[in-house]
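Observations on chain architecture
What follows is each chain in one-letter form.
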Amino acid sequence: MNCTDTSKNIQAPVSRKNETNPCGRTPRRSNQQKQTADNNKRCLLSERKSPTPKTRALIEKYSYQSKNEKNHVKSNIEFVKNITFKEKRHIMQDSNNGHCQDSVQAGLELRYVFKKEYGKTPRYIRRNRYLIEKMKKVEQDANKVPEPSMRYVEDEEKDAVLDGLKANLKEAEKQFLSLPIVTDTLSKRNRKMYLENLMLKLQQDIETLERHDIIVLND
């Protein structure tokens with residue numbers, strides 16, 4: 001059996017260190033090398049990139065709200081402006097046991113005297129009083145007897161009335177004399193009776209005016 005020494009066949013690991021840099025660190029590039037690399041990068045771009053937008057431009061771009069969308073920021077501002085805070089209650093302790101009560105509800109603070117209508121007659125009472133007075137006035141007007149209004153007839157007016165009555169009497173007598181002698185129909189008899197009554201009434205009125213010197217009429 002042949003025994004060989006395996007230790008001789010084992011090779012030493014290859015060192016990855018750069019010959020120029022025995023410490024194994026990457027050498028620093030010079031300024032000329034950096035400038036050359038930047039030029040190579042610029043050549044690869046077809047056109048120059050746009051500059052980075054400013055903060056205000058970004059806010060205006062992404063804060064745009066369409067008409068159909070709700071502006072939550074604006075609605076929150078309006079809500080805070082119109083919010084009403086709960087009124088602070090005035091609590092007071094009225095016993096040694098710690099019993100507390102609201103001073104406003106207990107009537108210990110002036111509250112109703114500061115109202116605009118305090119000390120004034122309520123509106124419904126004023127309305128009822130007006131309706132009652134109106135009804136009383138209507139009843140008084142209905143039960144009130146109207147006073148007769150009298151006036152004195154002047155002489156000129158009296159003479160004019162007499163002349164008119166006498167003219168009407170003559171006209172009635174003329175129509176009565178023109179009636180036929182035989183009144184054999186109903187219409188003829190009615191016509192004759194009407195003229196007789198008219199003449200009688202006219203004669204009575206004429207005699208009344210001629211008999212009295214002072215005449216007072218009730219309008």
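Heads up: the structure comes first, above all this text.
Bear in mind that the values here come from a model prediction, so they are computed numbers and not experimental data.

About the cut-offs
- Residues numbered from 1 in each chain as written.
- Predicted model: local features only at pLDDT ≥ 70, side-chain atom pairs only at ≥ 80, totals over all residues.
- Heavy atoms only, no water.
- Helix = DSSP H or I, 4+ residues; strand = E, 2+ residues; numbered from the N terminus.
- Buried < 20%, exposed > 50% of the residue type's maximum accessible area, 1.4 Å probe, protein only.
- Contact = heavy atoms within 4.5 Å.
- Areas by Shrake-Rupley, 256 points an atom, 1.4 Å probe, with all protein chains shown as cover.
- Patch = residues over 30% accessible without salt bridge, like charges linked within 9 Å, V, L, I, M, F, W, Y side chains within 5 Å.
- Salt bridge = Lys/Arg side-chain N within 4 Å of Asp/Glu carboxyl O.
- Lys, Arg positive; Asp, Glu negative; His and termini not counted.
- Charge placed at Lys NZ, Arg CZ, Asp CG, Glu CD.
- Axes fitted to C-alpha atoms, helices over the stretch in contact; angles between N-to-C directions.
- Parallel < 35°, antiparallel > 145°, perpendicular 65-115°, else oblique.
- Left-handed = near helix turned anticlockwise from the far one by under 90°.
- Nonpolar A, V, L, I, M, F, W, Y, C, P; charged D, E, K, R; others polar.
- Expected span 1.5 Å × (residues − 1).
- 1 Å grid on protein atoms, 1.4 Å probe; cavity = no way out; pocket = protein on both sides within 12 Å on 5 of 7 lines; lining within 4 Å.
- Points joined across faces, edges and corners; volume = space filled by probe spheres on them.
- Core = buried A, V, L, I, M, F, W, Y, C linked by side-chain atoms within 4.5 Å.

1. Let's talk about the overall build of the protein
- Check the secondary structure of the protein and you find six helices and four strands.
- Secondary structure elements in the protein, listed N-terminal to C-terminal, are α-α-α-β-β-α-β-α-α-β.
- Within the protein, buried positions represent 7% of all 219 residues.
- The contacts in the protein between residues at least 6 apart in sequence include a share of 49% that link residues at least 24 apart.
- Entry remark: accessible area of the protein is about 22200 Å², with carbon and sulfur atoms responsible for 52%.

2. A word on a positive patch on the surface
- There is a patch of like positive charges on the surface, built from Lys120, Arg123, Arg126 and Arg127.
- Within the element layout of this structure, lysine 120 appears in the loop between β2 (100–102) and α4 (123–143).
- With relative accessibility at 58%, the residue lysine 120 sits in the exposed group.

3. What to know about the packing of helix α5 (residues 155–177) against helix α6 (residues 186–211)
- The interhelical angle for the contact between α5 and α6, taken along N-to-C directions, is 155°, at an axis separation of 9 Å. Viewed along their axes, α5 and α6 adopt a mutual orientation that is roughly antiparallel. α6 is crossed by α5, and the crossing has left-handed handedness. Contacts from Lys158, Val161, Leu162, Leu165, Lys166, Asn168, Leu169, Ala172, Glu173, Gln175 and Phe176 of α5 reach α6 at Arg191, Lys192, Leu195, Glu196, Leu198, Met199, Leu202, Gln203, Asp205, Ile206, Leu209 and Glu210.
- Considered class by class, the residues forming the contact of α5 with α6 number twelve nonpolar, three polar and eight charged.

4. Here's the deal with α6
- The terminal C-alpha atoms of α6, which comprises 26 residues, lie 38 Å apart, in line with the 38 Å expected from a rise of 1.5 Å per residue.
- Here α6 has its buried residues at Leu195, Met199, Leu202, Ile206 and Leu209.
- Of the surrounding secondary structure, the elements contacted by the buried residues of α6 are α5.

5. Observations concerning α5
- Between its first and last C-alpha, α5 extends 33 Å over 23 residues, near the 33 Å set by a 1.5 Å rise per residue.
- Taken as a whole, α5 has its buried residues at Lys158, Leu162, Leu165, Leu169 and Ala172.

6. Description of the layout of surface pockets
- Computed from the structure, the largest pocket encloses a volume of approximately 180 Å³.
- Taken together, Glu87, Lys88, Arg89, His90, Asp102, Val104, Gln105, Glu109, Leu110 and Arg111 form the lining of the largest pocket.
- Residues of the lining of the largest pocket, tallied by class, amount to two nonpolar, two polar and six charged.

7. Comments concerning the nonpolar core
- In this structure, Val153, Leu162, Leu165, Leu169, Ala172, Met199, Leu202, Ile206, Leu209 and Ile215 together form the largest nonpolar core, which totals ten residues.
- The set of elements that each furnish at least two residues to this core consists of α5 and α6.
- Dropping the residues within four chain positions of it, leucine 165 is found in contact with Leu202, Asp205, Ile206 and Leu209.

8. Some points on the side chain of serine 103
- By secondary structure assignment, the location of serine 103 is in the loop between β2 and α4.
- For serine 103, the contacting residues outside a window of four places in its chain are His90, Met92, Leu108 and Glu109.

9. Some details on the environment of glutamate 173
- Its location among the elements puts glutamate 173 in helix α5.
- Overall, glutamate 173 belongs to the partly exposed group, its relative accessible area being 33%.
- Distance in space between the C-alpha atoms of glutamate 173 and glutamate 196 is 8.7 Å, their sequence separation being 23 residues.
- For glutamate 173, the contacting residues outside a window of four places in its chain are Met199 and Gln203.

10. What about the pattern of salt bridges?
- Per the counting criterion, the structure on display carries three salt bridges.
- We note a salt bridge from arginine 151 to glutamate 157, for which the minimum N-O separation is 3.1 Å.
- Overall, the relative accessible area of 31% leaves arginine 151 in the partly exposed class.
- With its nearest N and O atoms 3.6 Å apart, the salt bridge here joins aspartate 184 to lysine 188.
- Note on aspartate 184: relative accessible area 53%, which makes it exposed.

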